[in-house]
Amino acid sequence: MRAITNTSIYWQGVRDGSPFLLVVCPFALLFGVIATEAGLNVFETLAFAVIVIAGAAQLTALQLMADDVPTVIVLVSALAVNLRMAMYSASLAPHLGAAPLRQRAIAAYFTIDQSYALSIQKFEQHPEMTITQRMRYFFGVVTLIVPGWYVATAVGALAGKSIPPEFALDFAVPITFLAMIAPMLRTMPHILAAGTSVVMALIFAGLPFNLGLLVAGFGAMIVGAQSELWFGRRAARKDAS
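Residues numbered from 1 in each chain as written. Predicted model: local features only at pLDDT ≥ 70, side-chain atom pairs only at ≥ 80, totals over all residues. Heavy atoms only, no water.

Considerations on the overall build of the protein
Alright, step 1. Along its length, the protein carries twelve helices and zero strands.
Alright, step 2. For the protein, the sequential pattern of α-helices and β-strands runs α-α-α-α-α-α-α-α-α-α-α-α.
Alright, step 3. Relative to its full complement of 241 residues, the protein shows a buried share of 39%.
Alright, step 4. Partitioning the contacts of the protein with sequence separation of at least 6, the portion at a separation of at least 24 is 79%.
Alright, step 5. About 13,200 Å² of surface is accessible on the protein, with carbon and sulfur atoms providing 69% of the total. (Helix = DSSP H or I, 4+ residues; strand = E, 2+ residues; numbered from the N terminus. Buried < 20%, exposed > 50% of the residue type's maximum accessible area, 1.4 Å probe, protein only. Contact = heavy atoms within 4.5 Å. Areas by Shrake-Rupley, 256 points an atom, 1.4 Å probe, with all protein chains shown as cover.)

Comments concerning the nonpolar core
Alright, step 1. By size, the foremost hydrophobic cluster in this structure holds 46 residues, and its most contacted members are Phe31, Leu92 and Tyr137.
Alright, step 2. Of all elements in the fold, only α2 (21–37), α3 (42–52), α4 (55–66), α5 (71–81), α6 (83–96), α8 (113–125) and α9 (131–159) reach the threshold of two or more residues within this core.
Alright, step 3. Per-element accounting of this core gives the leading share, nine residues, to α9.
Alright, step 4. Apart from residues no more than four positions distant in its own chain, Leu92 is found in contact with Gly97, Thr111, Tyr116, Ser119, Ile120, Phe123 and Phe138. (Core = buried A, V, L, I, M, F, W, Y, C linked by side-chain atoms within 4.5 Å.)

Side note on a nonpolar patch on the surface
Alright, step 1. Taken together, the side chains of Leu185, Met188, Ile191 and Leu192 present a nonpolar region at the surface, about 310 Å² in accessible area.
Alright, step 2. Of note, Met188 is situated in helix α11 (residues 188–203). (Patch = residues over 30% accessible without salt bridge, like charges linked within 9 Å, V, L, I, M, F, W, Y side chains within 5 Å. Salt bridge = Lys/Arg side-chain N within 4 Å of Asp/Glu carboxyl O.)

A word on α5
Alright, step 1. All of the buried residues along α5 are Ile73, Val74, Ser77, Ala78, Ala80 and Val81. Take α5 and look down its axis: the buried residues cluster within an arc of 160°, on one side only. Turned more than 90 degrees away from the buried face of α5, the exposed residues are Thr71, Val72, Leu75 and Leu79.
Alright, step 2. Taken together, the buried residues of α5 touch α4, α6 and α12 (211–240). (Arc of directions from axis to C-beta.)

This is how it looks when you write it as structure tokens:
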């Protein structure tokens, strides 16, 4: 088996992350268009994308802003959508926690769905990787994705309403999340959490200000955490017996 080097693992991260450009760029284009239609100028749209760098939260906030939802609800909803980042960070901590503070701070900014999904899978498959190799792989994943997000957002904002509706850029949103979520449904707690979020989102879809999204998110986290504990205790009892 070919040995993993610091250089090769970085380029492997670049290669692994590059296919996501096929959905990230249309997603960013869509956000740029929607943002300008919602009244943001090109600078505000790009600043939004650079600072928040979380497509789902950005689209959620824009939709609520367009519906004249109170600012508090907009902020809470966006934070709720991004609560998964806290879980991502906790999951990555055992793998990247030994890195220097400066690297961890930069990695925190670049912790997105794609970088987490690919990195955690790689780290679990190759526990022998050094901390340097893990960081290089992580940053390799975002090397093309993040600049692609910025550029496509700017293009979408500049193009605005001139993009024909038949381009159907909104296809990128569900495809992006399906591509990221499907490989991660590896255990029953993952499946239960995902199923709970879908069912609760449908049940509470009629709540005002899109509060059904908040309810579904919190419900899924509770079910996922509790089922993880239950299955863990069950496995421990089997091992003890």
